[in-house]
Amino acid sequence: MSSGQRCPVCAEPWVSPRLLPCLHSLCVPCLRRLGTLGETGRAAAAATTSSAAAARSVLCPVCDSEVTLPPGGIGQLTPDYLALNRSREAAGCDLCADGAAARRCLTCGADLCLFCCQAHRRQKKTASHAVTELENTKDCSQARQPLFCPSHPTEELRLFCEQCDQPVCRDCVVDRHRQHPYDFISNVIHRHGDALRELLKSTQQHMGTLEDVLGQIDDMGGAICSRTEAVATEICLFASGYMKAIEEHRDRLLKQLGDLKVQKENLLHLQKAQLQQLLLDMRTGVEFTEHLLMSGSDLEILITKGVVASRLAKLNSVAYNTHPSVDDGIQFSPRERAGQCSGYEVFGAILNKVVDPARCTLHGEDLHSARQNQLTGFTLLCNDTMGERMGRGGEAVQVTITHKDKRDCAVKPTVCDNGDGTYHISYSPEEPGLYAVCVCVKGQHVQGSPFTLMVKNKFREHQGVFHCCTFCSSGGQKAARCACGGTMPGGYQGCGHGHKGHPGCPHWSCCGQVKETSECLGGLPSDTSQRSLLRTVAL
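Calculation criteria
- Residues numbered from 1 in each chain as written.
- Predicted model: local features only at pLDDT ≥ 70, side-chain atom pairs only at ≥ 80, totals over all residues.
- Heavy atoms only, no water.
- Salt bridge = Lys/Arg side-chain N within 4 Å of Asp/Glu carboxyl O.
- Helix = DSSP H or I, 4+ residues; strand = E, 2+ residues; numbered from the N terminus.
- Pairing = 2+ DSSP bridges.
- Axes fitted to C-alpha atoms, helices over the stretch in contact; angles between N-to-C directions.
- Contact = heavy atoms within 4.5 Å.
- Phe/Tyr/Trp six-rings, centres within 6.5 Å; stacked < 30°, edge-to-face > 60°.
- Buried < 20%, exposed > 50% of the residue type's maximum accessible area, 1.4 Å probe, protein only.
- Polar contact = N/O pair within 3.5 Å; in protein donor to acceptor, adjacent residues only side chain to side chain.
- Parallel < 35°, antiparallel > 145°, perpendicular 65-115°, else oblique.
- Left-handed = near helix turned anticlockwise from the far one by under 90°.
- Nonpolar A, V, L, I, M, F, W, Y, C, P; charged D, E, K, R; others polar.
- 1 Å grid on protein atoms, 1.4 Å probe; cavity = no way out; pocket = protein on both sides within 12 Å on 5 of 7 lines; lining within 4 Å.
- Points joined across faces, edges and corners; volume = space filled by probe spheres on them.

Enquirer: Lay out the pattern of salt bridges in plain terms, naming residues and giving numbers.
Expert: Counted by the stated rule, this structure contains twelve salt bridges. In this structure, the salt-bridge partner of Glu-155 is Arg-170, at a minimum N-O distance of 3.3 Å. Of the two residues, Glu-155 is situated in the loop between β8 (131-133) and β9 (159-161) and Arg-170 in helix α5 (residues 170-174); the sequence distance between them amounts to 15 residues. Salt-bridge contacts for Arg-197 lead to Asp-194; the nearest nitrogen and oxygen are separated by 3.1 Å.

Enquirer: Run through the sheet that holds strand β11 (residues 182-184), naming residues and quoting values.
Expert: Taken together, three strands build an open sheet; the order of strands is β10-β9-β11 and the sheet is antiparallel. The strands lining the two open edges of the sheet, one partner per strand, are β10 (166-168) and β11. Averaged over all pairs of adjacent strands, the angle between their axes in this sheet comes to 35 degrees, without regard to strand direction. With three bridges connecting them, β9 and β10 associate as antiparallel partners. When the sheet's bridge partners are listed, Leu-159 is paired in β10 with Val-168. Each of β9, β10 and β11 is contacted by helix α6 (residues 185-295), which is oriented at about 100 degrees to β11, the strand it contacts most.

Enquirer: Before we move on, could you go through the packing of aromatic side chains and cite the residues and values that matter?
Expert: The final tally for this structure, using the stated rule, is seven aromatic pairs. Members of the aromatic cluster, connected to one another through ring pairs, are Phe-238, Tyr-242 and Tyr-344.

Enquirer: How would you sum up the environment of Gln-493? Please name residues and give values.
Expert: For Gln-493, the location among the structural elements is in the loop between α8 (470-473) and β25 (507-508). For Gln-493, a relative accessible area of 33% puts it in the partly exposed group. Sequence spacing of Gln-493 and Phe-471 is 22 residues, and the spatial spacing of their C-alpha atoms is 9.3 Å. Of note is the side chain of Gln-493, whose polar atom sits 2.3 Å from the side chain of Arg-481.

Enquirer: Would you mind going over the packing of α6 against helix α7 (residues 298-316) in detail, with residue names and values included?
Expert: Two measures define how a pair of helices packs: the angle their axes make with one another and the distance between the axes. Here α6 crosses α7 at 160 degrees, and the two axes come no closer than 10 Å. By the angle between their directions, the pair α6 and α7 is classed as roughly antiparallel. When the axes of α6 and α7 are compared, the crossing they make is left-handed. Two secondary-structure elements touch here, α6 through Leu-278, Asp-281, Met-282, Gly-285, Phe-288, Thr-289, Leu-292, Leu-293 and Ser-295 and α7 through Glu-300, Ile-301, Thr-304, Val-308, Arg-311, Leu-312 and Leu-315. Tallied by class, the residues present in the contact of α6 with α7 amount to nine nonpolar, four polar and three charged.

Enquirer: Summarise the layout of surface pockets; cite the residues concerned and give the values.
Expert: Taken as a whole, the second largest pocket encloses approximately 470 Å³ of empty space. Around the second largest pocket, the lining is made up of 22 residues, and of these Val-326, Asp-327, Asn-352, Val-354 and Thr-385 lie nearest the centre. No other element matches α6, which puts four residues into the lining of the second largest pocket. Considered class by class, the residues forming the lining of the second largest pocket number eight nonpolar, seven polar and seven charged.

Enquirer: Give me the lowdown on the sheet that holds strand β6 (residues 103-105), citing residues and values where you can.
Expert: Within the open sheet, the three strands sit side by side as β7-β6-β8. Their pairing is antiparallel. The sheet is open, and its two borders are formed by β7 (111-112) and β8, each paired with just one other strand. Across three bridges, β6 lies against β8 in antiparallel orientation. If you follow Arg-104 over to β8, its bridge partner there is Thr-132.

Structure follows, in structure tokens:
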């Protein structure tokens, strides 16, 4: 609906205001400048000028609602006469155009200022006209200026077409609305007005409900603010305590790290001192022996040989570690549970375990055998230098599976870190034969690596029937045969219970295997024809 005497878009006085479906009014020039959703303004303006323009959607500049224009375009939008009336009321006196309109002549419909109103009453032709205050005419529809038909500008809109649901004039009744039911506006206004009031009443009820909901939303917003402040206080208290607990846990971890550092350094210093002393003793023995061999006489060498040889042999027999006695395997695991500190559960622990590839083991029933095109796998268990299970994942595990006879044939395995120190390796070989499998951790082979993998041919399904005998499964047919090679008297070429060649238990007709879940061997007796066998299988 229009909110004043001017267009809300251009802020100019109303020029043929039209009512959009969202009940906001715009003047025709502003409507023509509205762009269709997805179109440019110039293309939209060209589309609005065409009377045969198809229905299109525009965006209301007042409420941002998407509204659909009639098929005929802007021209078929409902004119907003209320906006025009308000514009006329604000325009001033209709006679002098200088004074402000204060009264209205109910006879001729002119708005008059106080001076022109007195002159209106003094003239003979207008002295009998009924004049009332302008404020008193706002709710009186009879006091409005007459509205003329847009198709017949000289005819006043006095009739209402029931079929087309719109006001019409006398010429419209005999022209485009011929044979349409119609009546005077004064006769139908009560019925249509009552229907509109019912809709208004329902809408007002919804408005009341919406106002209540909005009030509840405002109350809830206030409650949310209050609750947010209370929870923020709780969060601050929790965070303050948690920060103190984390700082305490940090200091404890740093002290533990410092103690571990001192322990490792002491072990290294001890090993270093022992090795330095051993090196010094060896250097002394080597220098003495070299001097003896170069400068001593034969007799001197023979005399001194015993003590020198004994010393060198003793030095060579000293056992020593060829690697540092400790390693730098110090790690921090931020996700490791570390118990509670000041009543708060904390995370983060120093890990001193280091994986030892030589102590890692492989496990699995199908470690050395697999089937063609069948998913198989095994498990890698990682242990530390003490042979204890690592208990955590994250190690660099590399697995290669290569065919021994076909170097270009390799299987791409999948390594799944279980996060507990175990790794599941799965693969599906496409070619049968012997494969070399290498499993490495940190670039070093684990126990049992590399090893040989035997990939057998694809599991052969049975093509026959698992039966007790040929006589039963074939329904007594004489030509039916079985791979077990059994026969019966009377010309029966298949096996039967208690007769020659019957294995004495249920078996497969295609290969004679007595185990139902076995692999088909596919072997046929020499005296059994393929045609008879297939016939038994089909039966």
